[in-house]
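What follows is each chain in one-letter form.
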Number of protein chains: 2
Amino acid sequence: MSPNIGTVWSDSIEHLTEKQTSVTAMSQHRKTPVQVETVEPAACSVDLRLSILQKVPFFSDLPDAEIRTLNDQFREYGFQPGEPIYFSGEKAATLYVVASGQVKLLRHSMSGQDVLLDILKPGDYFGSLTTLADELYPDTAQAHTAVCVLSIQTEAFRTLLQQYPPVALTVLDITARRLQETQEIVRRLSADSVEQRIAAVLLKLAQKLGEISDEGILIQMPLSRDDLAQMTGTTTETASRIISQFQKEGLVHSGRKWIVITGRPGLKMIAAAADTV
Amino acid sequence: MSPNIGTVWSDSIEHLTEKQTSVTAMSQHRKTPVQVETVEPAACSVDLRLSILQKVPFFSDLPDAEIRTLNDQFREYGFQPGEPIYFSGEKAATLYVVASGQVKLLRHSMSGQDVLLDILKPGDYFGSLTTLADELYPDTAQAHTAVCVLSIQTEAFRTLLQQYPPVALTVLDITARRLQETQEIVRRLSADSVEQRIAAVLLKLAQKLGEISDEGILIQMPLSRDDLAQMTGTTTETASRIISQFQKEGLVHSGRKWIVITGRPGLKMIAAAADTV
DNA sequence: CGCTACGTTGATCGCACTCAAGTATAGTGG
DNA sequence: CCACTATACTTGAGTGCGATCAACGTAGCG
């Protein structure tokens, strides 16, 4: 009844930056190893916008001259940690691109519970792609760290896509991939235990934001138990218990808002587990 | 802390076909009111392919002449209920469009549990949009009823999108919308009770496949308790209990593989419920 | 007309939520 | 620099929702 099962996503961590944190300075990780980008508000408005736009996956195909023209279409904004970029229910007519920092994408429930759908890093887009009807944002975007975002009117962006079909195809690819990833989350929420889900999320974050340190792979972002809980559909307390357990088993090393993965293979076992005891 | 909350999707049922089932014939719904399309295998290969292609949302913009050329690029296949169209893990290089019938999109878990991600109806696409790397299907597509599908090589489809930017944009719109819908499912799985999720799924199916009958809105498809369970991340038994309960409360009328919604407002209350007792 | 798949209902169990109290960390201001 | 406070994290005890196991009805098909 059940055929081939397997994750499609590449599983390597070879792309990770190797930033050997000096052992002498923090051998025991007493303080956050996560780099807290101090924001000079200037850092955002500088005209390295061009270089940022070039790094955005879907513009990398464009000729330089075009990127220069394109640059004028964008405006940039800075946000402090926790600040909302837009709220669910607001009228949606703007597309954003993360220039620096991290952005949380979340949905609210009547119960007051928030669900964290995704954490975006530089180069990722969010906001409104579509101009259909007078759409509203279904989710809320919130600055997770200090961020700088570039924005463009959806309308203008679509004109641009019409002009450059290859760009449109790249945007489609990214969106299709996100759909796949979200469907995998649905599967996990439907079929896996909390323990498995948390292991899986840690691995995914490590792949996305991991940085090799002497201890293992540091997830380079402030990550609270509550963030983890909101990503895996559980509670802060349960997330905390699971992380404590992982720590006892030597799979992770964690402190206040930071996690280092010290046993990737072990976590992978748990995340995949068919519970063959 | 929690701002505007609201569903974005249109909530009307005005588009539903009104097919008054003769009261005399089945006043008590002893047999399935769902139309079981008997498949003459010929029904698929007829050259109403053209008219089908025109109905596909993303080709409707194209000039007739183009559709005719396009027609040659497609091949058609028929499948019996339960037959797989492709399996997860297989190499992915084909894009499909449902011509008639319904197709299940599902993911398998190690535990043996299957998760039903979506049910596609005529005009919906599925399969591989992207040619990145030698991708594998992350999900399985299975004929739910007798179906006819049109298929095209992903490569050819992409060439086509390059040629007709408006088509590419429409495909992007559809994909973006599916992403939104899937994210809403993630939210429900994370934050809502099984009862709420089932109510929500029934309403969504009614909106998608509903047909107005004398009793209420008939969900025009074979729909077992197990299907419902796989769509809401629960078990057959629990799904059955909830439907029984809904039936006692007069919200639905149901039999073997069919459901009529008799109390839409009540279901909406439950699906939205902030549990204000 | 019997077989098979679907559906129902009951009893029991366990994972994860809830409520609650306590500890540790990192910023803050004196 | 250190007390002070806010926020994050931890851990325990009790509970309940929904899964599991099991047995039995029922529709539809060959």
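Anything mentioned here points back to the structure above.
Attention here is on the structure that accompanies the text. All chains use their own residue numbering, which begins from 1 and follows the written sequence. Lettering for chains starts from A, numbering for ligands starts from 1, and both go in the order in which the items are written. With pLDDT at 70 or above as the cut-off, local features in this predicted model cover only qualifying residues; side-chain atom pairs require 80 or more to be listed or tallied, and sums for whole chains, interfaces and linings still use all residues. In computing side-chain values, all of the structure's heavy atoms are included and hydrogens and water are not.

Residues and elements named next belong to chain A. The rule is short: rings of Phe, Tyr and Trp, with Trp giving its six-membered ring, pair when the centres are within 6.5 Å, and they are stacked under 30 degrees, edge-to-face over 60, tilted in between. As enumerated under the stated definition, the model contains 16 aromatic pairs over all chains in all. Arranged with centres 5.0 Å apart and planes meeting at 70°, the rings of F58 and F59 form a pair that is edge-to-face. Residues F58 and F59 agree in their burial class; the two are buried. Measuring from centroid to centroid gives 5.1 Å for Y96 and F126, while their planes differ by 15°, and the two rings are stacked. Residue Y96 is found in strand β4 (residues 94-100), and its partner F126 is found in strand β7 (residues 125-127); the two are separated by 30 residues along the sequence. Partly exposed residues are those whose accessible area sits between 20% and 50% of the maximum for their type, while under 20% is buried and over 50% is exposed, using a 1.4 Å probe and protein chains only. By relative accessible area, F126 is classed as buried at 1%. Members of the aromatic cluster, joined through ring pairs, are F58, F59, F74, Y125 and F157. The ring of Y125 is capped by R178, whose NZ or CZ atom sits 4.3 Å from the centre of that ring. Each helix is a run of DSSP H or I of at least 4 residues and each strand a run of E of at least 2, with the numbering of both proceeding from the N terminus. Lysine NZ or arginine CZ positioned within 6 Å of the ring centre and within 35 degrees of the ring normal marks a charge as sitting over the ring.

Residues and elements named next belong to chain A. Pairing between two strands requires that DSSP report at least two bridges joining them. In spatial order, the strands read β2-β9-β4-β7; together these 4 strands make up an open sheet with antiparallel pairing. Single-partner strands in this sheet number two, and they are β2 (75-79) and β7. Strand-to-strand, the axes of this sheet are offset by a mean angle of 35°, without reference to chain direction. Pairing between β2 and strand β9 (residues 147-153): 5 bridges, direction antiparallel. Following the sheet pairing, E76 is matched in β9 by L150. Throughout, an axis means a line fitted to C-alpha atoms (over the contacting stretch in the case of helices), and angles, computed between N-to-C directions, take values from 0 to 180 degrees.

Next up on the list: the sheet that holds strand β5 (residues 103-108) of chain B. Residues and elements named next belong to chain B. Ordered by their spatial adjacency, 4 strands build an open sheet running β3-β8-β5-β6, and the pairing between neighbours is antiparallel. Two strands bound the open sheet, and with one partner strand each, they are β3 (84-86) and β6 (114-120). Put simply, the sheet's adjacent strands are angled 30° from each other on average, direction ignored. Relative to strand β8 (residues 140-143), β3 is paired through 2 bridges, and the arrangement is antiparallel.

Another point: the relation of the copies chain A and chain B. Between chain A and chain B, the superposition needs a rotation of 180° and an axial shift of 0.0 Å, giving an RMSD of 0.0 Å. Put plainly, the chains are arranged around a two-fold axis. The copies were overlaid with a least-squares fit restricted to C-alpha atoms from residues scoring a pLDDT of at least 70 in each copy.

The term salt bridge refers to a side-chain nitrogen of Lys or Arg lying within 4 Å of a carboxyl oxygen of Asp or Glu. Taken as a whole and judged by the stated rule, the model has 20 salt bridges over all chains. Across the pair R49(A) and E76(A) runs a salt bridge, and its minimum N-O distance is 2.3 Å. With R49(A) in helix α2 (residues 49-55) and E76(A) in strand β2, this pair connects stretches of sequence that are 27 residues apart. Residue classification places E76(A) among the partly exposed positions, given a relative accessible area of 21%. Residue R188(B) is joined to E184(B) by a salt bridge in which the shortest nitrogen-to-oxygen separation is 3.7 Å. Placement of the pair is R188(B) and E184(B) together in helix α5 (residues 165-191), with a separation of 4 residues, close to one helical turn. As far as the burial class goes, R188(B) and E184(B) line up, both buried. Via salt bridges that share partners, R107(A), E184(B), R187(B), R188(B) and D192(B) belong to a single interconnected network.

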